[in-house]
Structure formats: C-alpha cells, structure tokens
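# Coordinate analysis (summary)
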Amino acid sequence: MRVSLNTALAEPAIVPRLSARNLSRLPPGVARPQFAPSALSTGIVHLGCGAFHRAHQALATQHAIGADGDRRWGIAAIAMSSPDVVTALRAQDNLYTTLLHDGGRTRAEVVGTITEAVHAPTDPVGVARRIADPRVRVVTLTVTTDGYCVSPVTGRLDAGCDRVVADLRRRARPGTAIGMLVAGLAEVRRRGGIPPAVISCDNMTANGRQLRSAVMDFAALHDDRLAAWIGRNVRFPCSVVDRIVQPGSATDAAVARNWLGGIDDRAPVSAESFLTWTIEDFDGERPRWEAAGARFVGDVTDHEKAKLRLLNGTHLLLAYLGASAGHATIAQAAADPALAALARQFMLCEQAPTLALSGAELHRTVDDLLRRFRNPAIRHDMTRVGRNGSDKLRPRVVAAMSDNIAVRRPTPAAILTIAAWIRWFEAPCADGAVMRPDDPRAEELAGLAAEADPHRRAELFLRRADIFGAIPDRDRVARAVGDAVTELSRDSVTDVVRRRLLPEFEGSAG
Ligand code: CS2
C-alpha cells in the first residue's frame, strides 16, 4: 500500500499531556507526590501563582504532606494577572514539573499540591470566597512589593493609589491582593469562622507587619470594626523565603518532556535545589512544613536583613552592572571576574558590617552565594531580577548604604549599583526611544533619565524619597553617583569596577 507523504506529514504524533491518569506511568527517576492529588482538600489559598510559588511553597507543602499524610493542605493557587499559567495547569489536572538543578545534576519532581488554579481578574468574587472557605487555615502571598499598595514614605496603605481607589469603589470585586484579603476576612467574620493565618512570602522588610497594616488600613476605610476584628484575630507572621527560581523556558519544557518519558508539561519551573523558609512562629493549624526544611522561629528580623542585603542586594549589583556589561543572565555576570570580585567586596565590606554575621559563617555564606549565582543551569535573566528596582533598591542596597554612611564607611559598590540602575532608564532602543524597564514608576523615571547632565540626573533620582528614603549626606552621595554614571557611559564596566576594587579583592573572583 502506498502512503501519501502529505498525509503522513499532516498527522503529527499526539503527545500526551501530564495528567492525574498518567502520573503512575511516569519513569521511575521522576519524584512525584506520595499521595493521590485528587484526595487533597483545600486548606491553603495562595495569591500569586508564579514560578516562585510553584517551586517553593507548593513543593514544600508536597513534602510536608508526604511526611505525615495530612491531606488537608491542598492549595487554591490564584494567578493575579496573566491567565496563561491557569490555562496550562487546568489542562494537566494542576500538575507540573519542578526541575531542580545543582552542580551539573538535574532532578525532576512532579508537584501535585495545587487543587485548583484560579484567574483572579476573571473571578475576583471567587478569590474572596475561597479565602473564607471554612477549611482554609492559611493564606500565603507572593505578589511583589508593589502588590501590597503600601506607600514607601509612610509605610501605610497608599489609599490614594488608583488600584486601591478602584477597589474601594467596587468592594465586592477587588482587583488587589489587599482588597481580596479584606473581602475574604470580612466574610469569615460575618460567618463567625476561624480566620486563616496570612503569611507573606515576598522579599520585603518585615513583610508580615507591612501586610498587616495594609490590610487593616484598607478595612478601616469602610469599616472600623472589621479593622479592629482583623487586628485582634488574624495573624500575619513574617517569613523569609529563599530559592533561586526561573519560569520554565522552551528548553525546560524539552528537558521536562525527556524526564517524563515523552509526556508534555506546559507549566514546568526551573530552580536550584537549595531551599529555605524561615517563618515567625504562630498559633494555628498548618502543614508540617518543618518536614520540608522550614524553620519556625520567634523573630525573623536578623535572618531577613541578612538575606535581603547579601543575596537580593548582590543580585541587583549583578543585574544592573551585568546588564551594562552586556551579560544576559546572573550566571554570566557572576562568572565575570571583575563583577564577581566586586560582588564579594560588596558583601564582605559593605553589606556584612551592617549585619549580625561575621567570621567563618560569613565567609561560608558569601562563598555559597557566589556559587549559587554562578549556577549555569538556571537562566535567571537580568530583566527579571532587575525589574521593579524602585521598590527593591531600598531594602536591599540603600538601607545598608545609609547605615554605612552614618559611620563613614565607604560604599563604592552600592554607589556603582545605583548608577548602573539609573543607566537602565537611559539605554536607547533601536528606534531611538528610551528603554522602559519593568518598574511601577517606569514612566516617571524615564522622564528623569531624559536629563542630559549625569550629575543633575543622579540628583533628580536621589531626591526621590519614595525610592531612597532619607540618605544621610545625600548631596555627596548624589555627586558620587553622578561620577559613576559619567564613568559608566564613558568607560568599560570592567575598568570602572576595577578602579573601585580594594587590593585584596582584585583577582578574588571565585
Ligand atoms: C531575586 C529573587 O528577582 C529577584 O528579585 O533577587 O527572586 C531571588 O532569586 C530570591 O529571593 C532568592 O531566594
């Protein structure tokens, strides 16, 4: 029999999609839930169903359930903006693969803790309903600093911001995480239910306290008694999360398909195998996350400060200077000898002296971080790490810089990081327009970046108290930043960096 070539080509092989049905048929090397995902009930609502949540809290919850068999902790995962992840997850029974890369080795684990994926913009009422579900004991959040609608100047809810104003107008259909939480908690109170603990997992200073004041301020705008009830009854523990994660790329999808024996996964995530989660102890029911490596402590403050300043601060240094040097990923920037040496100097001489960390433990932490940054299997791109710089710079870089200036300790690497960030807004695109990095204040900052004189430009940026707070000796800092902006536009990044390296760090890349 003759087969027409055209017909053969027109019928591509059907690739099976990851699903509950084929979970038991996955190759033996793939780790998977030690429970039937369909047997879970929903005890957690998570706001912000991005890659980070899926590679961190959702996976940690899988290990907690695996350890004690408590099936109450399925997760209703709420996507706050794009519907893509919801569409992808729903088509595969909410299962997805986490690829964990470490030291040249990759492991794959299929995660089955998400019981449903919800797109908040199309179902805002449903989000509040889920938060108020009597079985829900915990709400977790990864919505970025901007998602808290807190004014960086007052530290309270920014009641004038458009999104909050819109939420107050249509209270039953909120668009912000804060509005959704208040609507859900109001419903719990109306029913006389047990309110869930609300745990922030965003990289912010005192994240639980910021969240608590945002929620209480929002509630008080229409109901003082609700605000008081929330203040008395709802716990907002602070928490510090750590794992470097990148949303799955086309390459990850191909790697996942290989691991899954030809089964297709359209929602894989890629991460390092390192994971920590430090949570302020609280009363209330929760998964046994300790089984997944989480630590419950009385106070997370020191740990949070160290994590924000060492890891996240250095991430910004590598992102902004790395991008200026033409690198596309953190791994490439961290493998650049001049940048790696500056990163080490920054951590040891600028960030660490402001922390309760020293000696062998500090050196071990710094070595580990530089090794984690260099992990080539994670395509952690600059635009992702560097986005929202106007929110990220203060807790990660500027806070320690201000502490240092107050005691006259030099801060060359912090100054250079700020200068490189300012230059992000100046890079002309191919069509001559100025680049608009992903940032909640992008428009205003692109306006400041249009100032031609580098010193005047630095001064305009540094005057923004909402970004920089009250820096001691601001005029001197602005001049130093202006000098650095001038040098970065004239010389190579390597030369500019080398001029600031202390002798003991020259050649100390590794
Ligand atoms: C990064 C973090 O994108 C960023 O802001 O600095 O996502 C970082 O990878 C994690 O905090 C690591 O725990």
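Residues numbered from 1 in each chain as written. Predicted model: local features only at pLDDT ≥ 70, side-chain atom pairs only at ≥ 80, totals over all residues. Heavy atoms only, no water.

The name given to the chain in an unreviewed UniProt entry is Fructuronate reductase, with Nocardia transvalensis as the source organism. Per UniProt, the comment on the chain under Catalytic activity (unreviewed entry) is "D-mannitol 1-phosphate + NAD(+) = beta-D-fructose 6-phosphate + NADH + H(+)". (UniProt positions renumbered as here; feature names shortened; annotations may be inferred.)

### Some points on the site of the ligand
In the vicinity of the ligand lie 14 residues, with Asp242, Arg243, Lys307, His315 and Lys392 positioned nearest. Lys307 places a polar side-chain atom, nitrogen or oxygen, 2.6 Å from an oxygen atom of the ligand. Coverage of the ligand by the protein amounts to 90% of the 340 Å² it exposes when considered alone. Here the shell around the ligand gets 4 residues from one element, more than from any other, and that element is helix α11 (residues 301-324). Among the residues forming the shell around the ligand, the class breakdown is 4 nonpolar, 4 polar and 6 charged. Viewed by domain, the shell around the ligand spans two of them, domain 1 (20-298) and domain 2 (301-505), each represented by three or more residues. (Near = heavy atom within 4 Å. Polar contact = N/O pair within 3.5 Å; in protein donor to acceptor, adjacent residues only side chain to side chain. Areas by Shrake-Rupley, 256 points an atom, 1.4 Å probe, with all protein chains shown as cover. Helix = DSSP H or I, 4+ residues; strand = E, 2+ residues; numbered from the N terminus. Nonpolar A, V, L, I, M, F, W, Y, C, P; charged D, E, K, R; others polar. Domains from an automatic or database assignment.)

### Here's the deal with unusual backbone geometry
Here the phi dihedral of Asn94 falls at roughly 65°; this positive angle occurs in a residue that is not glycine. By the element assignment, Asn94 lies in the loop between α4 (84-90) and β3 (96-102). Relative accessible area serves as the criterion here: at 9%, Asn94 is assigned to the buried category. (Buried < 20%, exposed > 50% of the residue type's maximum accessible area, 1.4 Å probe, protein only.)

### Observations regarding the packing of α11 against helix α17 (residues 412-424)
Close contact between α11 and α17 brings their axes to 8 Å; oriented N to C, the two are set at 55°. Classed by the angle they form, the pair α11 and α17 counts as oblique. Handedness of the α11/α17 crossing: left-handed. When α11 is examined against α17, the residues Leu316, Leu317, Ala319, Tyr320, Leu321, Ala323 and Ser324 are found in contact with a partner set consisting of Ala413, Leu416, Thr417, Ala420, Trp421, Arg423 and Trp424. Class assignment of the residues belonging to the contact of α11 with α17 gives a composition of 11 nonpolar, 2 polar and 1 charged. (Axes fitted to C-alpha atoms, helices over the stretch in contact; angles between N-to-C directions. Parallel < 35°, antiparallel > 145°, perpendicular 65-115°, else oblique. Left-handed = near helix turned anticlockwise from the far one by under 90°. Contact = heavy atoms within 4.5 Å.)

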